[in-house]
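Okay, here's what each chain looks like letter by letter:
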Amino acid sequence: DARNDLEALRASGSMPFVSNLVEYKGSKYLDGAVSDPIPLQKALDEGYGKIVVVLTRPENYQKHKDYFPYKLIYGKYPNFVKTAEKQYQDYNKTLELIKKHEKDGRIVVLRPSKDMKVARVEKNLDKLKAIYQLGVDDCLANLDKVKAYLAQ
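To keep things clear, this report deals only with the structure shown in the data block. These numbers were taken from a predicted model, which means no experiment stands behind them.

Definitions and limits used
- Residues numbered from 1 in each chain as written.
- Predicted model: local features only at pLDDT ≥ 70, side-chain atom pairs only at ≥ 80, totals over all residues.
- Heavy atoms only, no water.
- Buried < 20%, exposed > 50% of the residue type's maximum accessible area, 1.4 Å probe, protein only.
- Helix = DSSP H or I, 4+ residues; strand = E, 2+ residues; numbered from the N terminus.
- Pairing = 2+ DSSP bridges.
- Core = buried A, V, L, I, M, F, W, Y, C linked by side-chain atoms within 4.5 Å.
- Contact = heavy atoms within 4.5 Å.

Here we take up the pairing of strand E3 (residues 51–54). Because side chains alternate across E3, one face comprises the buried residues Ile51 and Val53, and the other comprises Val52 and Val54, none of which is buried. Bridge count between E3 and strand E4 (residues 107–110): four bridges; the pairing is parallel. Counted as the bridge partner of Ile51 is Ile107 from E4.

Ranked by size, the top nonpolar core spans 17 residues in total, and within it Ile38, Leu40, Ile51, Val53, Leu55, Ile98 and Ile107 carry the most contacts. If you list the elements that add at least two residues to this core, you get helix H2 (40–45), E3, helix H5 (87–103), E4 and helix H6 (125–151). Setting aside residues no more than four positions away along its own chain, Ile98 makes contact with Ile38, Leu40, Val53, Leu55, Ile107, Val109 and Arg111. Judged by nonpolar contacts, the second largest core, of seven residues, contains Tyr74, Phe80, Val81 and Ala84.

Take a look at the structure:
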């Protein structure tokens, strides 16, 4: 019953600096992407045989250090601050892992064919429609590759 866990769903989309912390079962949460934006290692550790990774950035993208005031806003949560401040490093390590496993055929990866340059909280409806259409087009262009991988 999704209504029973609505707060968990709300927490999963609660972006730092944009959303309030969400209290759920006695703890406070923000979007888990702060600690594990591409949970490939978790999927590998859990033994999944087929993994399709869907990225939102084109090939060769690298995340750079951001300068958000994590300590100022979230200073009461030092573990969160530490995790958020090193997120770019963890993200880039995961990109290396993705390239390795994509090369050896262990996973299949879908990524945008071009960089659409959108804001973290994009409000331009035309840009959002264009990104959506790019996703549809890129998915269709790679559908045979995904089907072949899943059929192995």
